[in-house]
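Okay, here's what each chain looks like letter by letter:
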Amino acid sequence: MNKENTKLNISLLYIEDEKILRTVYQEILTRRVETLYIAKDGEDGYNKYKQYKPDLILTDIKMPKMNGLELTKKIKEEDNNIRIIIMSAYGQPEFFMEAIDLGVKGFLLKPVKNEKLFSIINEMSKEILLEKNYKIQKEKQIRAENDLKRSEAILRSVSYAAEQFLKLNFGEESISMVLKHMGISMQVSRVYIFENHYNDKNELLTSQKNEWINKNIEPQIDNPELQNISLIEIGFERWENSFRNEKPIHGLIKDFPENEQSILLSQNIKSLITVPIFVNTNLWGFIGFDDCENERIWSPSEIKALSAAANILGSAIYRNQVEIILHGLNVNLEQKVKERTKKLQKEINERIIAEKMLSESEEKYRQIFENANDGILLSVNGLVKIVNPKLVELTSLLPKESIGKEFINSIHPDFKELVITNHFKRLKGEYVPERYDIQIIKKSGEPLWVEIKSNLITWDNSPAVLSFVTDISERKRASQELKLLNIHLEKRVKEELSKREKQQSLLIQKTKLESLGELAAGIAHEINQPLGGISMGLENILFKLSENEVSPQYIKNKFSHLFNDIERIRKIIDHVRIFSRDQQTSEFKKIDLNKTIHNALSMINKQYISHNIEIVLHLEKGCFVFGNTHKLEQVFLNLLSNSKHAIDKKKKTNHNINYQKQITISSNCNKNKVVISFEDNGIGISEEKIDNIFDPFFTTKSSKAGTGLGLSISYGIINEMGGEINVESEENISTKIIISLPIFEKVK
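Residues numbered from 1 in each chain as written. Predicted model: local features only at pLDDT ≥ 70, side-chain atom pairs only at ≥ 80, totals over all residues. Heavy atoms only, no water.

Draft legend 1. Representation of a nonpolar patch on the surface within the structure. There is a patch of nonpolar side chains on the surface, built from Ile420, Phe424, Leu427 and Leu456 and spanning about 340 Å² of accessible area. Topologically, Phe424 is positioned in helix H13 (residues 416-428). (Patch = residues over 30% accessible without salt bridge, like charges linked within 9 Å, V, L, I, M, F, W, Y side chains within 5 Å. Areas by Shrake-Rupley, 256 points an atom, 1.4 Å probe, with all protein chains shown as cover. Salt bridge = Lys/Arg side-chain N within 4 Å of Asp/Glu carboxyl O. Helix = DSSP H or I, 4+ residues; strand = E, 2+ residues; numbered from the N terminus.)

Written out as C-alpha cells, the structure reads:
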C-alpha cells in the first residue's frame, strides 16, 4: 500500500473559523489521519479538546471568541505535553515568538502547501506513536511484574496450606489459618468455602461453611440465604456446569449475566474467582475469593495456582475422611476384640499387634501427604523410600523406577553439587536455605524448573529427609519474558538516542549552509578583485600586441600575475567547498588558531569592507588547539555574522555621524588554555535576554534574519572540543563573546 494513502493512527483536532477552509481541510485531513475532530472557533476548539483529548491540535491564530494563542495557553495549562501546530495568514514574528514561549514547535504560514502540512503532521505523529508505544510497553512490563508477584504470593499460600494440613489435619483451626493466609497474601476482601450435600429428593445443595474477611468488609457467614441453596434454582446453573467440568468461574461482576449480578452486587462484590473442590472424583464444593474494592482481572498463572489450592483442600478433606473411617474401624475392631477376650487370648495378642501396626501406619500417613498438589519425596540414607503421584507426574518415573534408587539421579548435573551439599548440612543440623530453585531431569531427558523445600524427620528410627517439589516452570518463563522486555526497551532507547544525534548533525550542517548563503556576497567580492586583475592584464596584453611592443619578458611577467590571481580564486573556491562539506566524520587534529581565523575572514573580508566595518586583529602567535578546523570556522563565521547584524542595526538608529563600525578579534594563550574574543560596538544585548542567547530557536533578529540555532550549535561545537563560551554585553554599547579552549599540548 502507498504510504501516502495510509492513515496515521492518531486523533487530530482542526480549529478554523473560515467555513470554506474547514470544508477543504476536513476533506484533506480525513484521508490523512485515523480520527478527525473539527471546531469552528477557539471556544469550540477548547470544548472539543476537553471532550475528546486529541493527540494533535492544528489551529489558526486569528479567530473570534478565543484566538489560537489564547487557546494554546489554556490547553498547555492542563497538558503541557500536548502537540500543537499554529497556522496564520500573518507573518508577524511576535505571534510565532509567543507561540514558541508557549511550547509550540509547529508553525505554518498560510496559504499552506499540502506537502509542508503533511510533513509536519508526519513528524509529530512519529513522536506521538513512539510515546504511545513506550507507554504500552511500560504498562505491559508493570502488569507482568504484578502478575508475577501475585502468582508467587498465591504459590506461597498453597505451600503454606499444604504444610498446615500436614501438621494439623483438616479441621476448623487449620482451615481458619489457611483462609486468613490466602486472603492476606492475595490482597482480597473475602475468602470462603461452600460444601455440597443432597436433600431428601437427591437434589444437589450447597452451604457456606467457612469464611475469612478483610477489615471493613461485611461478613456473610451468617447469611441464611447462603445456606442449603440450589445453584440451578437461583439462576447459577452456569456455575454448576463449570464446576462439574473442573473449570473455575472468574471475572468482573459487571460482565456477569444480569440474574447473577443482583445476588453478587448485594454483597458489594466487584470481582471474584470461585474454584471447584473435588474429593477423589466427586464435586465436594468450591472455594471463592471476592474483591469488594477493585475490579480485578485474574491472570492465567493466578487461576492455575488457585486450582492447585483447591486440589490441596480436596486432598486434605479426603485424608480427613479416610482418618475418620480408620478411626471408626479402630473402634469397631476394639469392640470385637473385647467381646472375644474370654474365648480367644490369641486374638487379644493379634489385636495388640494390629493396633501397634495401625498406630505406626497413622504416624507415617500424617507425615506424607499423598494427595498434595506438590511432589513429595521421602529419602533415607540418600535412597528414595516413598514418592507421591504428583512427583511421578513431574518426573514421569514410575514408583518402581525411583524407589530404592539414589534421589540424586533425577537432579540436573548443574545442580547436583548444590543439592548434595544442602542434604548433608541438613543431616548435620547446619543452616540450609528453607527453599531454593533447581532443575530436575524428567524421564524423557527434558529439564524442569522446580522449587525444593525439605524437612528433617525420623523414619523407622532413622534420620530421613521429607522434600516438597513444586513446578515453577511458568514462573521462570514469566521472569525470562520480563528480562527480554527490559532488553527490548533498552534497545529502543539506544535507537532513539542515535536518531537524536543524527538530527543534531543535520542542524549543524543546516546552519553551515545558512552561513554560506550569507557569505555569498563577501565571496563574490573576494573573487571579483582577482577577476578584475585578470581582465585588465589580458586587455594590456592585447593593447601591447596591437602596438607591437610585446617582449618575452613582458609576457612572462604578465602571465605570472595572471596565474597568481587564478591561484587566489582557486584557493577561495576550494576553501568554500571544503567548509560547506558535511564534516561529521572529520577527525580532531592540531589546529593553528590564527590560521583558522584568517581562513574565516578570507570569505567575508571584502563584504565587511564594503559595509564600512573595520576589523581589528590582536592575535598572539603560536596558539594551537585540538579540534575540527571547519567546525571552528563555522563558529567564528556565526559570531562575525551576529556582530555585523548588531553593528548595522546600531548604524540605522544611531544619529552620531562619527560612529565607526568596528569588530575586534583577539587571541592569547597561556600554559593551560587559549582564549579568543570577538567584540563589536553594536546594539548589545539586554540583561533579561542575555541568559537565553544559547537556547535553541532563541534569537533577537527578525524571523527572516535568523533561526535562533547559530549560537546554540556554536555552544555545542565548543563544548565538544572541551572548551567554554561566555558572553559579556552592555546594551547599546558593545557585546563580547569569549571562547576558552584547552591548549594543544595539554590534550591527551
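Draft legend 2. Up close: the environment of Ile28. On the secondary structure map, Ile28 appears in helix H1 (residues 19-30). On a C-alpha basis, the gap between Ile28 and Asn114 in space is 8.6 Å, while along the polypeptide they are 86 residues apart. If we ignore the near neighbours within four places in the chain, the residues touching Ile28 are Asn114 and Phe118. (Contact = heavy atoms within 4.5 Å.)

Draft legend 3. Structural detail: the sheet that holds strand S11 (residues 375-380). Ordered in space as S12-S11-S15-S14-S13, the five strands form an open sheet in which the pairing is antiparallel. Every other strand in the sheet has two partners, leaving strand S12 (383-387) and strand S13 (435-441) as the edge strands with one partner each. Mean inter-strand twist for the sheet, computed between neighbouring axes without regard to direction, equals 40 degrees. Sitting on the sheet, H13 touches S11, S13, strand S14 (447-459) and strand S15 (462-471), and the angle it makes with S13 is about 130 degrees. (Pairing = 2+ DSSP bridges. Axes fitted to C-alpha atoms, helices over the stretch in contact; angles between N-to-C directions.)

Draft legend 4. A look at helix H2 (residues 42-52). All buried positions along H2 are accounted for by Gly42, Asp44, Gly45, Tyr46 and Tyr49. Here the buried face of H2 lies against strand S1 (8-15), strand S2 (33-39), strand S3 (56-60) and helix H3 (68-78). Taking the backbone nitrogen of Glu43 as reference, a side-chain oxygen 3.2 Å away marks Asp41 as the first, capping residue of H2. Backbone geometry just after H2 places Lys53 at a positive phi near 50 degrees. (Buried < 20%, exposed > 50% of the residue type's maximum accessible area, 1.4 Å probe, protein only. Polar contact = N/O pair within 3.5 Å; in protein donor to acceptor, adjacent residues only side chain to side chain.)

Draft legend 5. Inspection of the pattern of salt bridges at higher detail. Counted by the stated rule, this structure contains 24 salt bridges. Linking Asp41 and Lys65 is a salt bridge whose minimum nitrogen-to-oxygen distance equals 3.8 Å. Of the two residues, Asp41 is situated in the loop between S2 and H2 and Lys65 in the loop between S3 and H3; the sequence distance between them amounts to 24 residues. On the basis of relative accessibility, which here comes to 65%, the residue Lys65 falls in the exposed class.

Draft legend 6. Region of interest: the packing of aromatic side chains. Under the definition given, this model contains 12 aromatic pairs. The interplanar angle of 35 degrees and the centroid separation of 6.4 Å between the aromatic rings of Tyr46 and Tyr49 together place this pair among those described as tilted. Residue Tyr46 and its partner Tyr49 are both found in helix H2; the two are separated by three residues, about one turn of the helix. The pair formed by Tyr46 and Tyr49 is uniform in burial state, with each residue classed as buried. On the basis of an interplanar angle of 35 degrees and a centroid distance of 5.3 Å, the ring pair of Phe636 and Phe678 is categorised as tilted. With a gap of 42 residues between them, Phe636 in helix H18 (residues 629-653) and Phe678 in strand S20 (residues 673-680) connect regions that are remote in the sequence. Of the two residues examined, Phe636 and Phe678, each falls in the buried class. Lying over the aromatic face of Phe118, Arg32 brings its terminal NZ or CZ to 4.3 Å of the ring centre. One cation-aromatic arrangement involves Arg238 over Phe256; the distance from NZ or CZ to the ring centre is 5.1 Å. (Phe/Tyr/Trp six-rings, centres within 6.5 Å; stacked < 30°, edge-to-face > 60°. Lys NZ or Arg CZ within 6 Å of the ring centre and 35° of its normal.)

Draft legend 7. Representation of empty space enclosed by the protein within the structure. The tally for this structure, following the rule as stated, stands at three cavities of 30 Å³ or more. Space inside the largest cavity adds up to approximately 60 Å³. Surrounding the largest cavity, Asn196, Leu204, Leu205, Thr206, Ile229, Ser230, Leu231, Glu240, Phe243, Leu283 and Phe286 form its lining. Counting residues per element, the ones that place at least two in the lining of the largest cavity are strand S7 (204-213), helix H7 (237-244) and strand S10 (282-291). The element contributing the most residues to the lining of the largest cavity is S7, with three residues. Split into classes, the residues belonging to the lining of the largest cavity amount to seven nonpolar, three polar and one charged. (1 Å grid on protein atoms, 1.4 Å probe; cavity = no way out; pocket = protein on both sides within 12 Å on 5 of 7 lines; lining within 4 Å. Points joined across faces, edges and corners; volume = space filled by probe spheres on them. Nonpolar A, V, L, I, M, F, W, Y, C, P; charged D, E, K, R; others polar.)

Draft legend 8. A look at a negative patch on the surface. A grouping of Glu687, Glu688, Asp691 and Glu731 is seen on the molecular surface, where their side chains present a negatively charged patch. Classification of Glu688 as exposed rests on a relative accessible area of 61%. (Lys, Arg positive; Asp, Glu negative; His and termini not counted. Charge placed at Lys NZ, Arg CZ, Asp CG, Glu CD.)

Draft legend 9. Representation of the sheet that holds strand S17 (residues 614-619) within the structure. Within the open sheet, the five strands sit side by side as S17-S19-S20-S22-S21. Their pairing is mixed. The two strands at the open ends of the sheet, each matched to only one other strand, are S17 and strand S21 (724-730). On average, adjacent strands in this sheet sit at an angle of 10 degrees to one another, irrespective of strand direction. Two elements, S20 and strand S22 (residues 734-742), share eight bridges in a ladder whose sense is antiparallel. When the bridges of S22 are listed, Ser677 appears paired with Ile738. Against the sheet, helix H16 (residues 593-602) engages S17, strand S19 (662-669) and S20, with an angle of about 170 degrees to S17.

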